Amino acid sequence: MSKKLLIFAALAVAALAAGAWFAQMRYAPQSVAPQAVSTLWQLQFADLSGQPQPLSQWRGKVLVLNFWASWCAPCREEMPDFDALRQKYQSKGIEFVGIAIDSEKNVAQFLQAMPVSYPILIGEGAALALARQLGNNAGALPFTLVIDSNENIALSHLGLLPRDRLDKALQGLIP
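Residues numbered from 1 in each chain as written. Predicted model: local features only at pLDDT ≥ 70, side-chain atom pairs only at ≥ 80, totals over all residues. Heavy atoms only, no water.

Colleague: How should I be thinking about the pairing of strand S4 (residues 94-100) in this particular structure?
Modeller: Along a regular strand, successive side chains alternate from one face of the sheet to the other. In terms of residue burial, S4 counts as a mostly covered element, since seven of its seven residues are buried. Across the two faces of S4 the burial is the same, with Ile94, Phe96, Gly98 and Ala100 and Glu95, Val97 and Ile99 all buried. In this structure, strand S3 (residues 62-68) lies alongside S4, joined through seven bridges in parallel fashion. When the sheet's bridge partners are listed, Leu63 is paired in S4 with Glu95. For the crossover from S3 across helix H3 (residues 73-89) to S4, the handedness is right-handed. (Buried < 20%, exposed > 50% of the residue type's maximum accessible area, 1.4 Å probe, protein only. Helix = DSSP H or I, 4+ residues; strand = E, 2+ residues; numbered from the N terminus. Pairing = 2+ DSSP bridges. Right-handed = clockwise from strand over helix to strand, strands pointing away.)

Colleague: What's the story with unusual backbone geometry in this structure? I'm lost.
Modeller: Trans peptide bonds make up the majority, and among non-glycine residues the majority have a negative phi. The omega angle of the peptide bond from Leu141 to Pro142 is -10°, so this bond is cis rather than trans. Mapping Pro142 onto the fold places it in the loop between helix H5 (124-133) and strand S6 (143-147). Although it is not a glycine, Glu124 adopts a positive phi angle of roughly 45°. Here Glu124 shows up in helix H5. With a phi close to 70°, Glu151 is a non-glycine residue in the positive phi region. Among the structural elements, Glu151 can be located in the loop between S6 and strand S7 (153-158). Residue class for Glu151 comes out partly exposed when judged on its relative accessible area of 24%.

Colleague: I keep staring at the environment of Ala126 and nothing clicks. Help me out?
Modeller: For Ala126, the position within the fold is in helix H5. The class for Ala126 is partly exposed, based on a relative accessible area of 48%. Measuring from C-alpha to C-alpha, the distance between Ala126 and Phe45 comes to 9.1 Å, with 81 residues separating the pair along the chain.

Colleague: Which parts of the structure should I look at to understand the environment of Gln51?
Modeller: Structurally, Gln51 can be placed in the loop between strand S1 (44-47) and strand S2 (52-54). Judged by relative accessible area, which is 46%, Gln51 ranks as partly exposed.

Colleague: Explanation requested: the pattern of salt bridges in the structure shown.
Modeller: Pairing is possible between side chains that carry opposite charge, provided their charged atoms lie close to one another. According to the stated counting rule, one finds four salt bridges in the structure shown. Put simply, Glu95 and Arg86 hold a salt bridge, and the shortest N to O gap is 2.8 Å. The pair formed by Glu95 and Arg86 is uniform in burial state, with each residue classed as buried. The salt bridge involving Asp167 is made with Lys88; its shortest N-O contact spans 3.1 Å. A residue pair is termed long-range when its members are at least 10 positions apart, and Asp167 in helix H6 (residues 163-171) and Lys88 in helix H3 qualify at 79 residues. A relative accessible area of 16% means that Asp167 is categorised as buried. (Salt bridge = Lys/Arg side-chain N within 4 Å of Asp/Glu carboxyl O.)

Colleague: Is there a simple way to explain the packing of aromatic side chains in this structure?
Modeller: Two numbers describe a pair of aromatic rings. These are the distance of the centres and the angle of the planes. Applying the stated criterion across every chain, the model contains four aromatic pairs. Members of the aromatic cluster, each reached through a chain of ring pairs, are Phe82, Phe96 and Tyr118. (Phe/Tyr/Trp six-rings, centres within 6.5 Å; stacked < 30°, edge-to-face > 60°.)

Colleague: How do you make sense of the state of the cysteines when you look at a structure like this?
Modeller: What makes a disulfide is a covalent bond joining the sulfur atoms belonging to two cysteines. Tallying each qualifying case throughout the model produces one disulfide. Across the disulfide, Cys72 is cross-linked to Cys75 (sulfur-sulfur distance 2.3 Å). The S-S bond linking Cys72 to Cys75 shows a torsion near 80°; that makes this disulfide right-handed. Of the two residues, Cys72 and Cys75, both sit in the buried class. (Disulfide = S-S within 2.5 Å.)

Right under this line is the structure:
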């Protein structure tokens, strides 16, 4: 192998590593101040029938809070796994709630084709602001938090959340 090719390969690897580090620092969920979680319980979003649903109704439970949109491919991909895990863990005091950063019309249309058993709320822009407060500094979707029964964030994940990772996290949080 020529010396120029080795130098080029070394520079390419260094650039790739630097890019990965930068992306991790910029887009990884950030730590969240405890007051951000306590603010969460003061909020409410409408369900598909237009009824306001206070997030405080799930306070004291283990809560899987998923920010998603109907146009987001990874969001749509993980929803069947969330639905299956909700059915597995609901009787154990664990609840899933989806907050759509989307319009009511789009969400209703999407859920007709792909229904889920867990509550879906319509958050639109306000939900995106909440997701940022809760550590999603990239504003990307999907964004999922697992909040334990003591109101600590047990898991924060930006992007498609693998079912086995979420399942393992929930097993450790069964009240």
